[in-house]
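What follows is each chain in one-letter form.
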Amino acid sequence: MKKVDIVYSGWLEAPNGASRFLSGLKLSIDRFSDLNVDMNIISKGDYKEWSTDYKLGRVKNKETLRARIFSIAKRTTIGSLLLLYILYLKNHVYIVNKYKKENRVVDIVYFHEFFTCYAYLKREKQRKEAILLSFHSSGDIWGMFFEAFPLLNVAWLRPLFRYLERYTLSHVDRVGFVADYPRRKFGELYSDFPFDKTFFVYNGLETKSFIKKERDIGSSIIRLICVGTLCERKNQMGILQALASLPNDLQKRYSLTLVGDGNVRNELENFCSKNMHTEVKFVGSVIDVTPYLLNADIFILLSKDEGLPISILEAMRCSLPIISTQVAGIPEMIEDEKSGYLISPDYQRLSLLLVDLLENNVDLIKMGERAKKLFEQKFTKEKMILAYSNLFHSI
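Quick caveat: nothing in here was measured; it's all calculated off a predicted structure.

J.: What exactly am I supposed to notice about the sheet that holds strand S5 (residues 174-177) here?
T.: Here 6 strands make up an open sheet; going across it, the order is S2-S1-S3-S4-S5-S6 and the pairing parallel. Both outer strands of the open sheet, strand S2 (37-42) and strand S6 (198-200), are each paired with one neighbouring strand and no more. In this sheet, adjacent strand axes meet at a mean angle of 25 degrees when their direction is disregarded. Pairing of S5 with S6 involves 3 bridges; the strand directions are parallel. The residue of S6 that forms the bridge with Val-175 is Thr-198. The sheet strands contacting helix H5 (residues 114-123) are strand S1 (2-7), strand S3 (108-111) and strand S4 (130-135), and the helix crosses S4 at an angle near 160 degrees. Taken strand by strand, helix H16 (residues 381-394) contacts S1, S2, S3, S4, S5 and S6, and its axis lies near 105 degrees from that of S2.

Structural data, given as structure tokens:
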């Protein structure tokens, strides 16, 4: 029996991709046991009660104190550093300290966050267990990080980040990714790390069959949906700009549902109130996105950076055609012009595509069926479990 601990500084209940991925793995512990893998997931929820900072739906105040502090602090490099420590690094150190006190004896300790892995390696100088680190990104260690904290991408801090990456990469046994493209990009960016010690495993979801809500035959409106944290990286603003750039009569041929919350929600709502003739609905965070997906015609995600989005897998499982961007692992999820469309994260390109969809009367149902077939071929939970099990036993 191979003993594997996954150590994660966040809450599994949090509405983000990493938490949803790991909570899915936790539900599969019995299946891993059948494959001779004794897997445990240690998260912040094992030591602290689930935070009320995360609430389903919209919080009462449009902008919480936390969001205001975040916005103000990010305006300076020093403020960004303080914010980084208070909101993130402190949690990474906390979870490592709690975990180490348990003195668990395992074969593999597996991390899905860079800083948690670094904190563990600095504390555990002498170790026997193998260390795995996976990135849920495009292959650039700092890409999403600098997207969130752009003022930290400055010359006087770069030696620090180079030290962090070199130290961590020199002490891990394997580095993993959620798609092949990020793995290959990592190999190009960090050529000193042995490429044969890298791997990728696609994210996977449980196979389910759903009854999709039929479109109103008399309706000419195409129902778009986007699921994800409302933020600059996910680029919901690009979707709104694409719709707003259409002639008024074409704008009314679309509706848009945005599922998720985030620190740009006020900006998005203000843009809609001033510029939009498309009906836009802000749902907030929800436990189950499936009912919203089943009530849509097209899933759209205009992200600037990603790994392998769980939200796209959920849409494919619901037989939705996908419009998304040519970044990271997304092209491995979509057959262009067959199960969806791959475009640049540019609102003008999306605007042209939205016009084409109306003018050419595209068979969205057929495209959605192809998306569902691709999901079943490549992205089921069972395929993911088998791949991880084989990986663990190979170490």
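J.: Sorry if this is basic, but what is going on with helix H14 (residues 347-360) here?
T.: With 14 residues, H14 extends 20 Å from end C-alpha to end C-alpha; this agrees with the ideal 20 Å at 1.5 Å per step. Within the span of H14, buried status applies to Leu-350, Ser-351, Leu-353, Leu-354, Val-355, Leu-357 and Leu-358. Regarding H14, its N-cap is Asp-346, as a side-chain oxygen of that residue lies 2.9 Å from the backbone nitrogen of Gln-348 further along. Trailing H14 by a residue or two, Asn-361 shows a phi angle of about 50 degrees, which is positive.

J.: What's the story with the sheet that holds strand S10 (residues 298-301) in this structure? I'm lost.
T.: Whether parallel or antiparallel, the strands of a sheet pair through hydrogen bonds between backbone atoms. Strand order in the open sheet formed by 6 strands is S9-S8-S7-S10-S11-S12, with parallel pairing between adjacent strands. The sheet terminates laterally at strand S9 (279-284) and strand S12 (340-343), the two strands that pair on one side only. Neighbour-to-neighbour, the strand axes of this sheet turn through a mean angle of 20 degrees, independent of strand direction. Taken together, the 4 bridges between strand S11 (residues 322-325) and S12 define a ladder with parallel strand orientation.

J.: For this particular structure, what's the right way to read the pairing of S3?
T.: Every other side chain in a regular strand lies on the same face of the sheet, so the side chains alternate between the two faces. Burial of S3 is two-sided: the residues Ile-108 and Tyr-110 facing one way and the residues Val-109 and Phe-111 facing the other way are all buried. The pairing of S1 with S3 spans 4 bridges and is parallel. Note that in S3 the partner of Val-4 across the bridge is Ile-108. Where S3 meets S4, 4 bridges bridge the pair, whose relative direction is parallel. Of the residues in S4, the one forming a bridge with Tyr-110 is Leu-132.

J.: Explanation requested: the environment of Lys-101 in the structure shown.
T.: Mapped onto the secondary structure, Lys-101 falls in helix H4 (residues 77-101). Classification of Lys-101 by relative accessible area gives exposed; the value is 62%. As for Lys-101 and Val-327, which are separated by 226 residues in sequence, their C-alpha atoms are 40 Å apart.

J.: Where do I start with the packing of aromatic side chains in this structure?
T.: The geometry of two aromatic rings is summed up by the distance between their centres and the angle between their planes. Under the counting rule described, the total for this entry stands at 30 aromatic pairs. Judged by centre distance (5.6 Å) and plane angle (40 degrees), the ring pair of Phe-145 and Phe-149 falls under tilted. Its relative accessible area of 13% is what places Phe-145 among the buried residues. The buried category is assigned to Phe-149, whose relative accessible area is 3%. When the ring centre of Tyr-94 is taken as reference, the NZ or CZ atom of Lys-48 above it lies at 4.7 Å. A cation over a ring is seen here: Lys-122 above Tyr-167, with NZ or CZ 4.6 Å from the ring centre.

J.: Is there a simple way to explain the nonpolar core in this structure?
T.: The tendency in soluble globular proteins is for nonpolar side chains to be buried as a group. With 67 residues, the main nonpolar core has Phe-299 and Met-316 as its most contacted residues. With sequence-adjacent residues up to four places away left out, Phe-299 is seen in contact with Ile-225, Cys-226, Val-227, Leu-293, Ser-311, Ile-312, Ala-315, Leu-320, Pro-321, Ile-322 and Ile-323. Ranked by size, the runner-up nonpolar core spans 38 residues in total, among them Tyr-120, Ile-131, Leu-133 and Phe-135.

J.: Explain the packing of helix H9 (residues 236-244) against H14 here, please?
T.: For any two helices packed against each other, the geometry comes down to the angle between their axes and how far apart the axes lie. Between H9 and H14, whose axes approach to 8 Å, the crossing angle comes to 50 degrees. Judged on the interaxial angle alone, H14 and H9 are oblique. For the pair H9 and H14, the crossing hand works out as right-handed. Contacts between H9 and H14 involve Gly-238, Ile-239, Gln-241, Ala-242 and Leu-243 on the former and, on the latter, Tyr-347, Leu-350, Ser-351 and Leu-354. Looking at the contact of H9 with H14 residue by residue, the classes come out as 6 nonpolar, 3 polar and no charged.

Conventions adopted
- Residues numbered from 1 in each chain as written.
- Predicted model: local features only at pLDDT ≥ 70, side-chain atom pairs only at ≥ 80, totals over all residues.
- Heavy atoms only, no water.
- Pairing = 2+ DSSP bridges.
- Helix = DSSP H or I, 4+ residues; strand = E, 2+ residues; numbered from the N terminus.
- Axes fitted to C-alpha atoms, helices over the stretch in contact; angles between N-to-C directions.
- Contact = heavy atoms within 4.5 Å.
- Expected span 1.5 Å × (residues − 1).
- Buried < 20%, exposed > 50% of the residue type's maximum accessible area, 1.4 Å probe, protein only.
- Polar contact = N/O pair within 3.5 Å; in protein donor to acceptor, adjacent residues only side chain to side chain.
- Phe/Tyr/Trp six-rings, centres within 6.5 Å; stacked < 30°, edge-to-face > 60°.
- Lys NZ or Arg CZ within 6 Å of the ring centre and 35° of its normal.
- Core = buried A, V, L, I, M, F, W, Y, C linked by side-chain atoms within 4.5 Å.
- Parallel < 35°, antiparallel > 145°, perpendicular 65-115°, else oblique.
- Left-handed = near helix turned anticlockwise from the far one by under 90°.
- Nonpolar A, V, L, I, M, F, W, Y, C, P; charged D, E, K, R; others polar.

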